[in-house]
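Structural overview for review
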Amino acid sequence: MSFLIALAGLVLLVAGGDLLVRGSVAIARRLAVSPLLIGLTLVGFGTSTPELFTSITAALEGAPGIAVGNVVGSNTANILLILGLAAAIRPMAVHPAALRRDGSVTLLAALACTGLVLIGQLELIGGILLLLGLLLYLGITYRVERRSRDEAATLHAAEAETAGALPQGWLPALAFVLGGFALIFLGADWLVDGAIVLAQAAGVSDTLVGLTLVAIGTSLPELVASVMASIRRQGDIAIGNVLGSNIYNVLGVLGATALVQPIPVPGEIARLDIWVMLAATLLLMLFAFTGGRLTRWEGGTLLALYLAYLAALALLAF
């Protein structure tokens, strides 16, 4: 029953995130907001709302393993699983300008996350610093791209087109937004409750469940978006989605969660999982900068490493 509750929560999270993105983009377009700003903020924020609500709910319910493991596990899955699968389907070209800036910020966010995890406690000041970092990144990026309209700007504007069919009219768009928030709120509650009971029943830590079931589940919007972008030969958008998601997860999700509730970081994350996330980020940068693309061989390597990581988690747990 706990597994079914967690699964139902995941379904609600994915559905709610989709409604929220579509409704927000529809309202933004009616307000004449530029596609650049929509892609940079609403799409990135919308696809990270499952992680945000899940981590905050877990922190408030006293499950720090899920709160932190969700972010660390999601960022690892975004790179090794999602980009690995997308590249294995079709090699993906990389925009050098977008990679230099967004990739650098992704790496800096991963290093900041590593530092906070090693401290062992996510406090109010850490949350404030992370959120300020996110606002600084968004502000600088928007100002630079609005003036230059370079490849990075084109990529962020194109992300606004990935939202899918949009509701027509103010009321339907508002209903999508409110309905999306309601589903995400309910889904996060069900997912966290189900995950806690599932971990207790299986005799494993809630951290393990957060790193695997919860992390993969909350990354489903990025998985669908990246795989579809790869199939449509829009690999640069797939990479942009993952980089943006990883930035939002650390700076936005962890920052907001620490702001709401101080989080003690489980020791197992500091011993292994944060280093896997950091190594995956570095490996992505290496693959993307060499040759300006992710090849099928590199995608297969990322997938194999993710399977090895899951196997290691299973061995350590049992």
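The structure presented is a predicted model; accordingly, all values stated were derived computationally and were not measured. (Residues numbered from 1 in each chain as written. Predicted model: local features only at pLDDT ≥ 70, side-chain atom pairs only at ≥ 80, totals over all residues. Heavy atoms only, no water.)

1. Topic: the overall build of the protein chain
- The secondary structure content of the protein chain amounts to 12 helices and 4 strands.
- Counting contacts in the protein chain only where the partners sit at least 6 residues apart, residues at least 24 apart contribute 88% of the total.
- Here the protein chain displays about 12800 Å² of accessible surface, and carbon together with sulfur accounts for 72% of that area. (Helix = DSSP H or I, 4+ residues; strand = E, 2+ residues; numbered from the N terminus. Contact = heavy atoms within 4.5 Å. Areas by Shrake-Rupley, 256 points an atom, 1.4 Å probe, with all protein chains shown as cover.)

2. Some remarks on the packing of helix α8 (residues 206–218) against helix α9 (residues 220–231)
- At a closest axis distance of 4 Å, the pairing of α8 and α9 adopts a crossing angle of 50°. Judged on the interaxial angle alone, α9 and α8 are oblique. Packed against α8, whose contacting residues are Ile-216, Gly-217 and Thr-218, the element α9 presents Leu-220, Pro-221 and Glu-222 at the interface.
- In terms of residue class, the contact of α8 with α9 is built from 3 nonpolar, 2 polar and 1 charged. (Axes fitted to C-alpha atoms, helices over the stretch in contact; angles between N-to-C directions. Parallel < 35°, antiparallel > 145°, perpendicular 65-115°, else oblique. Nonpolar A, V, L, I, M, F, W, Y, C, P; charged D, E, K, R; others polar.)

3. So, the environment of Leu-223
- For Leu-223, the location among the structural elements is in helix α9.
- Given the relative accessible area of 22%, Leu-223 is considered partly exposed.
- The residues contacting Leu-223, other than those within four sequence positions of it, are Ile-82 and Leu-85. (Buried < 20%, exposed > 50% of the residue type's maximum accessible area, 1.4 Å probe, protein only.)

4. So, a nonpolar patch on the surface
- A contiguous nonpolar patch, built from Leu-60, Leu-124, Ile-125, Ile-128, Leu-129, Leu-132, Leu-135, Leu-259 and Val-260 and spanning about 860 Å² of accessible area, is present on the exposed surface.
- Elements with a minimum of two residues in the nonpolar patch: α5 (124–148) and α10 (235–260).
- Along the chain, Leu-259 turns up in helix α10.
- Owing to a relative accessible area of 41%, Leu-259 belongs among the partly exposed residues under this scheme. (Patch = residues over 30% accessible without salt bridge, like charges linked within 9 Å, V, L, I, M, F, W, Y side chains within 5 Å. Salt bridge = Lys/Arg side-chain N within 4 Å of Asp/Glu carboxyl O.)

5. Some words on the environment of Leu-282
- Following the sequence through the fold, Leu-282 ends up in helix α11 (residues 267–289).
- In sequence terms Leu-282 and Thr-106 are 176 residues apart; their C-alpha atoms lie 9.7 Å from each other.

6. Points about α8
- In this model α8 runs just 16 Å from its N-terminal to its C-terminal C-alpha over 13 residues, more than 12% under the 18 Å that 1.5 Å per residue would give.
- Of all 13 residues in α8, 10 are buried; the element is thus mostly enclosed.
- Every buried residue of α8 is listed here: Thr-207, Leu-208, Val-209, Gly-210, Leu-211, Thr-212, Val-214, Ala-215, Gly-217 and Thr-218. (Expected span 1.5 Å × (residues − 1).)

7. Description of the nonpolar core
- By size, the foremost hydrophobic cluster in this structure holds 85 residues, and its most contacted members are Val-72, Met-92, Cys-113, Leu-122 and Leu-294.
- Considering every element that reaches this core, the biggest residue donor is α10, with 13 residues.
- Other than its neighbours up to four places away in sequence, Cys-113 contacts Val-72, Val-250, Leu-254, Ile-274 and Met-277. (Core = buried A, V, L, I, M, F, W, Y, C linked by side-chain atoms within 4.5 Å.)

8. Here we look at helix α12 (residues 296–317)
- Compared with the 32 Å implied by 1.5 Å per residue over 22 residues, the 32 Å span of α12 between its first and last C-alpha is a close match.
- The secondary structure elements touched by the buried residues of α12 are α3 (64–89), α8, α11 and β4 (293–294).

9. Concerning the side chain of Asn-246
- Inspection of the secondary structure assignment puts Asn-246 in helix α10.
- For Asn-246, a relative accessible area of 3% corresponds to the buried category.
- Setting aside residues no more than four positions away along its own chain, Asn-246 makes contact with Asn-75, Asn-78, Ile-79 and Thr-106.

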